[in-house]
Amino acid sequence: MARTTSPGGRKQTITLTDNSTGKTVEFPLLKGRLGPKVIDIRNLYGATGYFTYDPGYTSTGSTESAITFIDGDKGVLLHRGYSIEELAEKSDYMEVCYLLLNGELPNRAQKREFEHTITMHTMVHEQLNYFFRGFRRDAHPMAIMCGVVGALSAFYHDSTDIGDPHQRMIASYRLIAKMPTIAAMAYKFSIGQPFMYPRNDLKYAENFLYMMFGVPCEEFQVNPVLAKAMDRIFILHADHEQNASTSTVRLAGSTGANPFACIAAGIASLWGPAHGGANEAVLQMLGEIGHTKNIKSYLARVKDRNDPTMLMGFGHRVYKNYDPRAKVLQKACHAVLKELKIKNDPLLDLAMELEHIAVNDDYFIERKLYPNVDFYSGIILKAMGFPTSMFTVLFAVARTVGWVAQWSELIEDPVQKIGRPRQLYIGKGRRKFVPLSKRK
Ligand code: SDX
């Protein structure tokens, strides 16, 4: 197939020529506000009888979206036009939630009202407590999250009608508000401590730390520096365009499934070590490396094609430069360790040395592999007292607003259809059924 682009000045198109038939077909070129143009191939099959083949969707845009923009070559991340660096420094998680959901930052009154609404939804149905008892004590908290969040649709029937904008809004608020409560319950269940009810006098991140680390028998003072760090970690994980878990939420949503089921699907997708599960895997990797003197031999394994070892927390489908979130997290790491009076954290030293060696190594330079959001987050979370198994849960708590915002955008999109990719079939051709008695 040859291709030509029509001259500027009129609607741009791209022409595909099928060399086997000589037939030419024009496709519109669409331009978003930022980023590269996209070829609108919606009528490709109708016009040519061909599908596209794009495993891993490396060149496929699945939707229009007005929420998040990433320039992977420059390492830029914008939410509704605001840079992640500015949001992390000057804003707070509740504001970012409002921004992602509504498109604009809230004014004072809007912020107060939004925070109040979220706070009023933090408790979970009392019956949900009993649901936890069905899990083994040693269950991975992500397994509990998949089950319990999916089960919310069995508890909140009055917010599962996706055709009703009010119910959609209530479901979104419930999910954002209840995720920290459920996450803390998953942790408390695993260590055999009583669940802590949320406290309405605390801010979102403070309340989460209280439910995680408080116990009913004594006062618990939330450290403001750690609450600020938690809030910042939530901001940095809030949304990230059409990543695997968000695309999973959208695909589930495209069938008309209720929002709780869709978010449970997103949690399951996030769990994998190539995605949100990488923050847990980074800590395991640092533990395995153990000491800076072992970095070189570990990297030799990573570079060996016959060894499946990867450098966890490195590389990204979109970023071919530093992930801007990793830079913010690295700085936040130092602040947290200082507050906790941890002078020399061997894990942080090891991570920084590993990063330094990797980014100066030809293998990583040639492939444009840099630290991603998961590289430093685990080190802060560990210092704050979170067990490794909770790291991906925290990612899920923070990402819920992104999933919900993207799900709402999908439902409100007039061109939305059920997501249904096609395939390149490589199995057997049609053949005759052989009765059991005649099979060899
Ligand atoms: C997240 O998409 C998002 O936006 C996700 C996320 C979000 O906020 O939602 O940003 C969160 O998921 C971050 C990514 C966390 N995952 C990890 O840290 C796991 C380690 N990373 C890799 O598995 C990998 O880099 C991915 C999955 C993140 C991206 O994979 P791609 O885009 O499919 O890249 P690739 O596998 O085709 O790699 C290209 C080359 C290959 O080498 P060659 O075959 O060309 O020789 O780079 C190599 C890969 O082998 N490579 C790595 C590597 N990552 C890629 N080699 C060693 N270590 C790595 N980490």
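Because the structure is predicted, anything quoted here is derived from the model rather than measured.

Chemist: What should I look at first to understand the layout of surface pockets in this one?
Modeler: Empty pockets left among the atoms are what a rolling probe the size of a water molecule brings to light. There is about 270 Å³ of room inside the second largest pocket. Around the second largest pocket, the lining comprises 13 residues; the ones closest to its centre are L101, N102, S172, S408 and E412. Elements that contribute at least two residues to the lining of the second largest pocket include exactly α3 (93–102), α7 (165–191) and α18 (391–412). The element contributing the most residues to the lining of the second largest pocket is α7, with five residues. Considered class by class, the residues forming the lining of the second largest pocket number six nonpolar, three polar and four charged.

Chemist: Mind showing me how you'd approach the pattern of salt bridges here?
Modeler: Any two side chains of opposite charge can pair, so long as their charged atoms come close to each other. For the structure shown, the criterion picks out 16 salt bridges. A salt bridge links R42 to D40, with the nearest nitrogen and oxygen atoms 2.8 Å apart. Take R42: its relative accessible area is 65%, and that puts it in the exposed class. Between D323 and R325 there is a salt bridge, and its shortest N-O distance comes to 2.7 Å. As far as burial versus exposure is concerned, D323 and R325 are alike and both buried. Each of D92, E95 and K111 takes part in salt bridges that share partners, so that together they form one network.

Chemist: Quick question: what am I supposed to make of the packing of helix α10 (residues 244–254) against α18 here?
Modeler: Two packed helices can be described by the angle between their axes and the distance between those axes. At a minimum axis separation of 9 Å, α10 and α18 run at an interaxial angle of 40 degrees. Comparing their axes, α18 and α10 come out oblique. Judged by the twist between their axes, the crossing of α10 over α18 is right-handed. Of the residues in α18, those touching α10 at S245, T246, V249, R250, G253 and S254 are R399, W403, Q406, W407, E409, L410 and I411. Considered class by class, the residues forming the contact of α10 with α18 number five nonpolar, five polar and three charged.

Chemist: Got a minute to help me understand the sheet that holds strand β7 (residues 82–83) in this structure?
Modeler: As a general point, the strands of a sheet are linked pairwise by backbone hydrogen bonds and lie either parallel or antiparallel. Read from one edge of the open sheet, three strands run β5-β6-β7, paired in antiparallel fashion. This sheet does not close on itself; its edge strands, each paired only once, are β5 (68–71) and β7. The pairing of β5 with strand β6 (residues 76–79) spans four bridges and is classified as antiparallel. Residue pairing in the sheet places T68 in a bridge with H79 of β6.

Chemist: What is the right way to look at the site of the ligand in this model?
Modeler: As a matter of local geometry, the ligand sits amid 24 residues, with H240, H275, R305, H316 and R325 nearest to it. G313 places a main-chain nitrogen or oxygen 2.8 Å from an oxygen atom of the ligand. Side-chain polar atom of H316 to an oxygen atom of the ligand: 2.6 Å apart, as the coordinates give it. For the ligand, the protein covers 74% of the area, taking 1100 Å² as the surface of the free molecule. A per-class count over the shell around the ligand returns 11 nonpolar, seven polar and six charged.

Chemist: Help me out: how do you make sense of the packing of helix α11 (residues 259–270) against α18 in this one?
Modeler: The geometry of α11 relative to α18 is characterised by a closest axis approach of 10 Å and an angle of 135 degrees between their N-to-C directions. As summarised for this structure, α11 and α18 are arranged oblique, according to the angle between their axes. The handedness of the crossing between α11 and α18 comes out as right-handed. Contact residues: α11 offers P259, C262, I263, G266, I267 and L270, while α18 offers T392, F395, A396, W403, V404 and W407.

Chemist: Would you explain the pairing of β6 in this entry?
Modeler: It is a general feature of regular strands that their side chains alternate between the two faces of the sheet. Between β5 and β6, which follow one another and run antiparallel, lie four residues, and G75 among them has a positive phi close to 70 degrees. In this structure, β6 lies alongside β7, joined through two bridges in antiparallel fashion. Each residue of the ladder has a partner; that of L78, found in β7, is S83. Where β6 hands over to β7, the hairpin turn is made up of two residues, of which R80 adopts a positive phi near 50 degrees.

The rules behind each value
- Residues numbered from 1 in each chain as written.
- Predicted model: local features only at pLDDT ≥ 70, side-chain atom pairs only at ≥ 80, totals over all residues.
- Heavy atoms only, no water.
- 1 Å grid on protein atoms, 1.4 Å probe; cavity = no way out; pocket = protein on both sides within 12 Å on 5 of 7 lines; lining within 4 Å.
- Points joined across faces, edges and corners; volume = space filled by probe spheres on them.
- Helix = DSSP H or I, 4+ residues; strand = E, 2+ residues; numbered from the N terminus.
- Nonpolar A, V, L, I, M, F, W, Y, C, P; charged D, E, K, R; others polar.
- Salt bridge = Lys/Arg side-chain N within 4 Å of Asp/Glu carboxyl O.
- Buried < 20%, exposed > 50% of the residue type's maximum accessible area, 1.4 Å probe, protein only.
- Axes fitted to C-alpha atoms, helices over the stretch in contact; angles between N-to-C directions.
- Parallel < 35°, antiparallel > 145°, perpendicular 65-115°, else oblique.
- Left-handed = near helix turned anticlockwise from the far one by under 90°.
- Contact = heavy atoms within 4.5 Å.
- Pairing = 2+ DSSP bridges.
- Near = heavy atom within 4 Å.
- Polar contact = N/O pair within 3.5 Å; in protein donor to acceptor, adjacent residues only side chain to side chain.
- Areas by Shrake-Rupley, 256 points an atom, 1.4 Å probe, with all protein chains shown as cover.

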